[in-house]
Amino acid sequence: MPKFIFITGGVLSSLGKGIAAASIGALLEASGLKVTIQKLDPYINVDPGTLSPFQHGEVFVTDDGAETDLDLGHYERFTHIRTSKANNFTTGKIYYNVISKERRGDYLGDTVQVVPHITDEIKQAIKSVSNDDDVVIVEIGGTVGDIESQPFLEAIRQMRYDVGKENCLYVHLTLVPYIKTSGELKTKPTQHSVKELRAIGIQPDILLCRTDRLIPPEAKRKIAIHCNLETDAVINAIDVDTIYEVPLALNAEGIEQLIVTKLKLPGREIELAQWKDIVRKVKEPKNKVVIAIVGKYVGLKDSYKSLSEALIHGGIANDCRVDFQWVDSEDVEVHGPGQYLSEADGILVPGGFGYRGIEGKIESIRYAREKKIPYFGICLGMQCAVIEFARNVCGLKANSAEFDLNAQAPVIYLMEKWFDFRKGRIEERSEGSNKGGTMRLGAYPCVIEQNTKAFAAYKQKEISERHRHRYEFNTAYKGVVARLGMKISGASPDGELVEIVEIEDHPWFLGCQFHPEFKSRPTEPHPLFRAFIEASLREKSSLFHDEISEMREPGQR
């Protein structure tokens, strides 16, 4: 039987439960244990697939095609696990399962209630995620006191009785704010949060206290006394410069040893040299590049969380700091790309849906192509690159059928039938299908052409990458774009689905239909992000040397 660690939050949201869960997972893995992590979300949507990025941040996609909470991205980046649909359950998904069972007659004769039917379904979901793991870490979304979270909290309260006290641990994350006017840390919010948790029957075993400074010993003792804990179970979760420093900060507090002792787990001597090297490269890099990200959700950076982290990973691979320049594509539509992109060493257009801001993205891509600035287009960013090339190089009145159903040259269109290599069957979709039903979701194979930038990055012919999109490259236009310099360097095994395009006469110009950011880790930077940052750094250095040469007098070296 695995051991279970439940992570809850109090006082306020956005304290970093996801990072805490991921960091604990990283430390336990470094101690030689096999770990998996699950997120339980209290909202009623079945999944976040139809939520606006402004409301819930990015949608993280797993290999099996599940649309999940962005915290699953943290779990994958900090550990070696590959998550699946079993790693994320919402209130909507739990109730959907229970109602389906009720309609099927599974509860025949019973009055279906929150306790035991909903809580039993939650416990079944928790137990379903383990696959011969030593430890299952479960993060509960929201905060203690939220009405939506109550069934989840009741379910994890019951888990201690189901699996035994020695197999269950509760970690509670709270805020210990510093009040500048009085010059002191205040422990009362933490005391009230723990009181609320204990009122529903959960006594935390470990407290993670978010602060911007070290908690003095006397304050730790005060918290411990009021929260019925040992002093060493009050952990200082101090603010750090990079999220990849969190495992080191928690290790300094001895959290993994505390967990191993409390759960009577086997554990080897922990090895964190790799994490220390990652932090060094993030905080003290040898180089620097500026990457402009041209999107329409730039007002909420969590909309592109995996993307920004993958760019940082590309920087780690090149011992380089990546400075982000967030550019609203609607601003580009109004003012043009020059004033926003002239200082960029590389330009990236990410994925998205809908027509808003599209022309700004297309103009940004044209700027990158004509100015020979390294360009990376992801999903919609690839599709916009195809539209831009078809318009401005091929002379077509090109557009995507997503934006103009009557486009004269629909270079991007809704493919209605294709062979799904992951499911092993023919898939069909139409404009009338449910939004999720028209998606190509999850991992799909791709065959890469040799002597291409993609092959130089991956160094292998066959890859698998995760998708989340509805529209495809229209292969009817493959010949015309190829004749004028846009190369299709990656496609599905049968050649029907275009996965990667490149421009040959360019330092580095690549667009991919999939989302490579979902598979990048600081310990294993994704090949395309590694190559993109390397190209941006190379072009920056080349430009710098050219400028120095122009400043010298004739005959000078």
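Quantities reported herein were computed from a predicted structural model and do not represent experimental measurements.

What counts as what
- Residues numbered from 1 in each chain as written.
- Predicted model: local features only at pLDDT ≥ 70, side-chain atom pairs only at ≥ 80, totals over all residues.
- Heavy atoms only, no water.
- Helix = DSSP H or I, 4+ residues; strand = E, 2+ residues; numbered from the N terminus.
- Rg over C-alpha atoms; globule rule 2.2 N^0.38 Å.
- Buried < 20%, exposed > 50% of the residue type's maximum accessible area, 1.4 Å probe, protein only.
- Contact = heavy atoms within 4.5 Å.
- Areas by Shrake-Rupley, 256 points an atom, 1.4 Å probe, with all protein chains shown as cover.
- Patch = residues over 30% accessible without salt bridge, like charges linked within 9 Å, V, L, I, M, F, W, Y side chains within 5 Å.
- Salt bridge = Lys/Arg side-chain N within 4 Å of Asp/Glu carboxyl O.
- Phe/Tyr/Trp six-rings, centres within 6.5 Å; stacked < 30°, edge-to-face > 60°.
- Lys NZ or Arg CZ within 6 Å of the ring centre and 35° of its normal.
- Core = buried A, V, L, I, M, F, W, Y, C linked by side-chain atoms within 4.5 Å.
- Pairing = 2+ DSSP bridges.

Draft legend 1. Structural context of the overall build of the protein. Across its full length, the protein holds 19 helices and 25 strands. In terms of overall dimensions, the protein is globule-like: its C-alpha atoms have a radius of gyration of 25 Å, near the 24 Å expected for 557 residues. Taking all 557 residues of the protein together, the buried fraction comes to 56%. Across the protein, the fraction of contacts at a sequence separation of at least 24, relative to all contacts at a separation of at least 6, is 72%. With the model as given, the accessible surface of the protein reaches about 23,800 Å², and the carbon-plus-sulfur share is 48%.

Draft legend 2. The arrangement of a nonpolar patch on the surface in detail. A grouping of Y95, I99, V114 and V115 is seen on the molecular surface, where their side chains present a nonpolar patch of about 320 Å² in accessible area. Elements that contribute at least two residues to the nonpolar patch include exactly α4 (91-104) and α5 (114-128). Mapped onto the fold, Y95 is located in helix α4. With relative accessibility at 31%, the residue Y95 sits in the partly exposed group.

Draft legend 3. Structural detail: the packing of aromatic side chains. Counting across every chain of the model gives 15 aromatic pairs. Aromatic side chains F78 and Y244 sit 5.4 Å apart centroid to centroid with 35° between the ring planes, which places their arrangement in the tilted category. A residue pair is termed long-range when its members are at least 10 positions apart, and F78 in helix α3 (residues 71-78) and Y244 in the loop between β11 (234-238) and α9 (246-252) qualify at 166 residues. Y244 shares its class with F78; the two are buried. Of the aromatic side chains, those joined through ring pairs into one cluster are Y297, Y304, F324 and W326. The ring of Y178 carries R213 above its face, with NZ or CZ at 3.5 Å from the centroid.

Draft legend 4. Seen up close, the nonpolar core. Membership of the largest hydrophobic core comes to 61 residues, with the highest contact counts inside it found for I5, L28, I137, L208, I255 and I259. The leading source of residues in this core is helix α1 (residues 17-30), at 9 residues. Those residues in contact with L28 that lie beyond four places of it in its chain are I5, L33, V35, V135, I137, E256, I259 and V260. Formed by 42 residues, the second largest nonpolar core is a distinct cluster that contains A292, I412, L414 and F509.

Draft legend 5. Structural context of the sheet that holds strand β17 (residues 409-413). Taken together, the 3 strands give an open sheet; going across it, the order is β16-β17-β22, and neighbouring strands pair in mixed fashion. Bordering the open sheet on either side are β16 (398-400) and β22 (472-473), each of which pairs with just one other strand. Across 2 bridges, β17 lies against β22 in antiparallel orientation. The partner of Y413 across the bridge, within β22, is E472.

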